[in-house]
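Chain residues, written in single-letter form:
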Amino acid sequence: MNLKGTRITWLGHATVLVQTAKGTNILIDPFITGNPKYPNGFVLPEKIHYILATHGHGDHISDVVPVAAKHHSTVVAIYELAAYFAEKGVAHTVGMNLGGTVQLDDVSATMVEAKHSSAAQDESGAHDVGVAAGFVLTIADGPVLYHAGDTAVFGDMKLIRDLYRPEVAILPIGGHFTMGPKEAALAVSLLGAKTILPIHFGTFPPLTGTPEELAALVVTGVQVVRWAPGDSY
Ligand code: NI
Ligand code: MN
C-alpha cells in the first residue's frame, strides 16, 4: 500500500499519530501517562496541529489536555466532549457530530458511528460527553484512513465503505471492551480496506485478541500489519 508520504505511527493502545506529506500532524486518542505500551522515550513532534478524540474513556483522552497545551493543538471531538475539553481549559476546540466533516488543513475529517459507550470520568464523577465515534481521514493527495475508535462490528460499516472507500483501517481487535479478531474480520470485509492496522490489543490482560488471529480470518489480498508500539507504517 502506497501512502504517498503519509506516515502512521502507533503509540500503543489506540493512540495513533498521523503525519501527512504536507506536514499536518494529527494525534488520535492520546493516552501517554499510564499507557503501559507507550513507546519508551518516544518524543512527539513539537507541533501537533490537531488532536482527535473518539470518546470520553480515560484510555483515549487522559492526555488530551496536557498535549493540547504543550503542542498548541486544536482538539476535535463530538460536540459534548469538545465542550468538556473546553471546560478543562483547552483553548481551541472543534465540536462536531456524526456524519459531519471538518477540514483540517489538507485532511477532511469525517466523524462516523461507533458502537460503544462514552462517558468521561474525573474527580467530580461521570460526565455525559456524547456518543462514541470513529474518524475517516481523507488526506488530499494521500490515502483515506479510518480509525474506528472503540467499537463492536456493525452493519453500517458498509456505509463507511460506500461513502469514503477507506484504504487503511485502524481497528481495535483486543476483545472484551471492543470487537475481537472474529468480529474484526467481518469489519474488514464490510469496510473493504486492504490494509489493516490493529490496535487496542495487548495493553492490558483482558485484551487478548492478536493480529495473527485476525490475519487467519481475512481473505487473501488483505494485509494485517504486524507492528509494535513506536513503529510507523
Ligand atoms: Ni472505550
Ligand atoms: Mn478503549
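Before reading further, recall that the structure is shown in the block above.
Residues numbered from 1 in each chain as written. Chains lettered and ligands numbered in written order. Predicted model: local features only at pLDDT ≥ 70, side-chain atom pairs only at ≥ 80, totals over all residues. Heavy atoms only, no water.

The protein atoms donating to the nickel ion (ligand 1) are His-55 (NE2), His-57 (ND1), His-116 (NE2) and Asp-150 (OD), with metal-donor distances spanning 2.2 to 2.3 Å. Around the nickel ion (ligand 1) sit four donor atoms; with metal-centred angles ranging over 90 to 178 degrees, the donor geometry is irregular. Separation of the nickel ion (ligand 1) from the manganese ion (ligand 2) amounts to 3.2 Å, with Asp-150 serving as a shared donor to the pair. In this pair, His-57 is assigned in the loop between strand E4 (50-52) and helix H1 (58-61) and Asp-150 in the loop between strand E12 (144-147) and helix H4 (157-164), connecting sequence segments 93 residues apart. By relative accessible area, which is 2% here, Asp-150 ends up buried. (Donors = N, O, S within 2.8 Å, 3.2 Å for Na, K, Ca; no water. Tetrahedral: all angles 85-135°; square planar, octahedral: opposite > 155°, others 65-115°. Helix = DSSP H or I, 4+ residues; strand = E, 2+ residues; numbered from the N terminus. Buried < 20%, exposed > 50% of the residue type's maximum accessible area, 1.4 Å probe, protein only.)

Pairing between the strands of a sheet comes from backbone hydrogen bonds, and it takes one of two forms, parallel or antiparallel. Ordered in space as E1-E2-E3-E4-E5-E6, the six strands form an open sheet in which the pairing is mixed. Of all the strands in the sheet, just strand E1 (7-10) and strand E6 (93-96) have a single pairing partner and so form its edges. Along the sheet, successive strands turn relative to each other by an average axial angle of 20 degrees, direction set aside. Two elements, E1 and strand E2 (residues 16-19), share four bridges in a ladder whose sense is antiparallel. (Pairing = 2+ DSSP bridges. Axes fitted to C-alpha atoms, helices over the stretch in contact; angles between N-to-C directions.)

Attention now goes to the layout of surface pockets. In this structure, the largest pocket spans a volume of roughly 210 Å³. Lining the largest pocket are 14 residues; nearest its centre among them are Gly-58, Ile-61, Ser-62, Tyr-84 and Gln-121. Every element with two or more residues in the lining of the largest pocket is listed here: H1, helix H2 (64-71), helix H3 (79-87) and strand E9 (119-122). Residues that form the lining of the largest pocket fall into these classes: seven nonpolar, five polar and two charged. (1 Å grid on protein atoms, 1.4 Å probe; cavity = no way out; pocket = protein on both sides within 12 Å on 5 of 7 lines; lining within 4 Å. Points joined across faces, edges and corners; volume = space filled by probe spheres on them. Nonpolar A, V, L, I, M, F, W, Y, C, P; charged D, E, K, R; others polar.)

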